[in-house]
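Chain by chain, the residues run as shown.
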Amino acid sequence: MVESGRARQEAIYRAGVSGTRPRVPTDAAALRAAARRRCSRKAWAYVDGGAGEGATMAANRAALDRYEIVPRMLRDVAERDTSTTLLGTHLAAPLLLAPVGAAGLVARDADVLIGRGAAEAGVPYIFSCQGSSPMERTAAAMGDAPRWFQLYWSRDEELVDSFLARAAAIGAGAVVVTLDTTMLGWRPQDLNLGSLPFSQGIGIAQYTSDPRFRELVRARTGGPARDVKITPAAVRTLLSISREHPGRFLDNLRSPIPRAAVETFLDVYSNPALNWDHIAGLRERTKLPIVLKGILHPDDARTAVDLGVDAVMVSNHGGRQVDGATASLDALVAVRKAIGAEYPVLLDSGVRTGADVFKALALGANAVTLGRPHIYGLAVGGSGGVADVVRNVLAEFDLTMGLSGVASLDEITPGTVVCR
């Protein structure tokens, strides 16, 4: 059970009597500003940046702002129930933490910290395939708290199978196949800095901890390495690669393995040839529930249903892949209409507040994922910052329900919002 909005308010106000203010800001704009002050230039470019001119990021927010909640009065909302079950995972509230790659730019062992924060706040965490901590270590840090696993479909099919087996072994409740990143979008913030975290060994911990990936690295070692101009920046990159790779730093610095691991990752991490035939065969490769992330077109949602996929996640990758793409919330409305009321649908991209969660549920989502805000919390306060961000979003969601005359998730219907 999550903390009620009133209890969260009271805790903050009581601390305020003694002059203590929240370390993690309670509004989205101040939270973002606080995180920016604590991030390096490269970290901020990666975490906060989007594709192209940022039109898709703006569209996500504009779509959420286009809908208005219509509160109803004089309804008994003294007791409110935010709980639900999704693909066999109990949710104390309809919120999961989204997978965000290369969070190691923000904090060392970032995924362990995020996992602890998620567990503390009572929400599931979708482990990033591009994580900075091995999934086994993150799972251990979370204890019995629920977790899912995101899969980027590699060019190496044995590596895909290895990831699926490891996800099952750590008790993942589902595998979330990300469809929209078979290649990286055009991201000027990173490009202008010449910064790709993976080339620094950041965000590839799921790979360097994988037995199949290590086989690929060993096979590559001894072959020709990519030419690198020796500059101070190149030396800093080598130091980063050696620091991020498993094992002792000095041993890694002397070894060709860490550099070969980065080069191997860049060759195999994603598969532009991914198609519906891969998805059709996935059920034979895992018993975990399957979620397809990146669905925006109703026809793709229908195909997923026809193939027996367990759920879809409507997402434009937080505006990071295609500039000028449709807003996730607008796509949600069309997807829900196409596949009916019963099929599980999650919304990703653009969610910042408890009111946003309410609107997404009103328009057809069974649950939402929270992306950048929990990374902002990580930057501001580590695992505790992640937990505080989640608590604040859920507190506002709970209060929004009550103040809108809604006592349970079933009562959040299209009639509770209007489009202006």
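Up top is the structure these notes are about.
In this numbering scheme, every chain counts its residues from 1 along its sequence in written order. At least 70 in pLDDT is required for a residue's local features to be given in this predicted model, at least 80 for side-chain atom pairs to be given and counted, and no such filter applies to totals for whole chains, interfaces and linings, which use all residues. Each side-chain value is derived from all of the structure's non-hydrogen atoms; neither hydrogens nor water enter the calculation.

Undergrad: I'd like to hear about the environment of Leu74, residue by residue, with values.
TA: When you line up the elements, Leu74 lands in the loop between β1 (67-69) and β2 (84-86). For Leu74, a relative accessible area of 91% corresponds to the exposed category. Once the C-alpha coordinates of Leu74 and Gly405 are considered, the two residues, 331 residues apart in sequence, prove to be 7.3 Å apart. Every helix listed is a DSSP run of H or I at least four residues long, and every strand listed is a run of E at least two residues long, numbered separately from the N terminus. Burial classes follow relative accessibility: with a 1.4 Å probe on protein chains only, a residue under 20% of its type's maximum area counts as buried, one over 50% as exposed, and anything between as partly exposed.

Undergrad: Which residues make up the environment of Leu296, and what are the values?
TA: Assignment of secondary structure puts Leu296 in the loop between β8 (290-295) and α15 (298-306). With 228 residues separating them along the chain, Leu296 and Glu68 place their C-alpha atoms 22 Å apart. By definition, residues are in contact when any of their heavy atoms lie within 4.5 Å. Sequence-distant contacts of Leu296, that is, excluding residues within four places in its chain, are made with Val314, Ser315, Asn316, Thr326, Ser328, Ala331 and Val335.

Undergrad: Give a detailed account of unusual backbone geometry, specifying residues and quantitative values.
TA: Positive phi is not limited to glycine here, since Leu87 has a value of about 55°. By the secondary structure assignment, Leu87 is in the loop between β2 and β3 (89-91). Look at His317: it is not a glycine, yet its phi comes out positive at around 65°. With respect to the helices and strands, His317 occurs in the loop between β9 (311-314) and α16 (328-339).

Undergrad: Any details on the packing of aromatic side chains? Residues and values, ideally.
TA: Within a pair of aromatic rings, the relevant descriptors are the distance that separates the centres and the angle that separates the planes. When two rings of Phe, Tyr or Trp (its six-membered ring) have centres within 6.5 Å they constitute a pair, described as stacked for plane angles under 30 degrees, edge-to-face for angles over 60, and tilted for the intermediate range. For the structure on display, the rule yields 11 aromatic pairs. When the ring of Tyr125 is compared with that of Phe127, the centres are 5.3 Å apart and the planes differ by 50°; the resulting orientation is tilted. Judged by its relative accessible area of 1%, Tyr125 falls in the buried class. Note on Phe127: relative accessible area 1%, which makes it buried. Ring centres 5.3 Å apart and planes at 50° place the aromatic pair Phe198 and Phe265 in the tilted group. Residue Phe198 is found in the loop between α8 (188-191) and α9 (205-208), and its partner Phe265 is found in helix α13 (residues 257-268); the two are separated by 67 residues along the sequence. Both residues of the pair, Phe198 and Phe265, count as buried. The rings of Tyr46, Phe149, Tyr152, Phe163, Phe198, Tyr207, Phe213, Phe265 and Tyr269 are connected pair by pair, giving a single aromatic cluster. Charges are assigned to positions over rings by a cutoff of 6 Å between ring centre and Lys NZ or Arg CZ, combined with an angular limit of 35 degrees from the ring normal. In this arrangement the basic side chain of Arg320 is found over the ring face of Tyr46, its NZ or CZ atom lying 4.6 Å from the centre.

Undergrad: Quick one: what's the story with the nonpolar core, residue by residue and with numbers?
TA: Soluble globular proteins tend to pack their nonpolar side chains together in the buried interior. Here the nonpolar core consists of buried residues drawn from Ala, Val, Leu, Ile, Met, Phe, Trp, Tyr and Cys, with membership extended through side-chain atoms lying within 4.5 Å. Counting residues in each nonpolar core, the largest one holds 110 residues, and the members touching the most others are Tyr207 and Leu378. The element best represented in this core is helix α18 (residues 372-403), accounting for 13 residues. Excluding residues that lie within four positions of it along the chain, Leu378 makes contacts with Ala103, Val106, Ala107, Ala110, Leu113, Ile114, Gly385 and Val386. Listed in part, the 12 residues of the second largest apolar core include Leu96, Ile126, Trp148 and Ala174.

Undergrad: Can you lay out the pairing of strand β11 (residues 367-370) for me, pointing to particular residues and giving the numbers?
TA: Burial along β11 is two-sided: the residues Ala367 and Thr369 and Val368 and Leu370 are all buried. For strand β4 (residues 95-97) and β11, the ladder comprises three bridges, and the chain directions are parallel. Looking across to β11, one finds that Leu96 is bridged to Thr369. If the strands point away from the viewer and the path from the first strand over the helix to the second runs clockwise, then the crossover is right-handed. After leaving strand β10 (residues 345-347), the chain enters helix α17 (residues 354-362) and then returns to the sheet as β11, a path that is right-handed. A strand pair is defined by DSSP finding two or more bridges across the two strands.

Undergrad: Kindly report on helix α6 (residues 135-142), identifying the contributing residues and their values.
TA: Met135, Thr138, Ala139 and Met142 are the residues of α6 that are buried. An end-on view of α6 places all buried positions within 100° of arc, on one side of the element. Its buried side turned inward, α6 meets α5 (110-121), β5 (125-127), β6 (147-151), α7 (157-169) and α9. With its phi angle positive at about 65°, Gly143 sits one or two positions after the end of α6. Relevant arc is that of directions from the helix axis to the C-beta atoms, nothing else.

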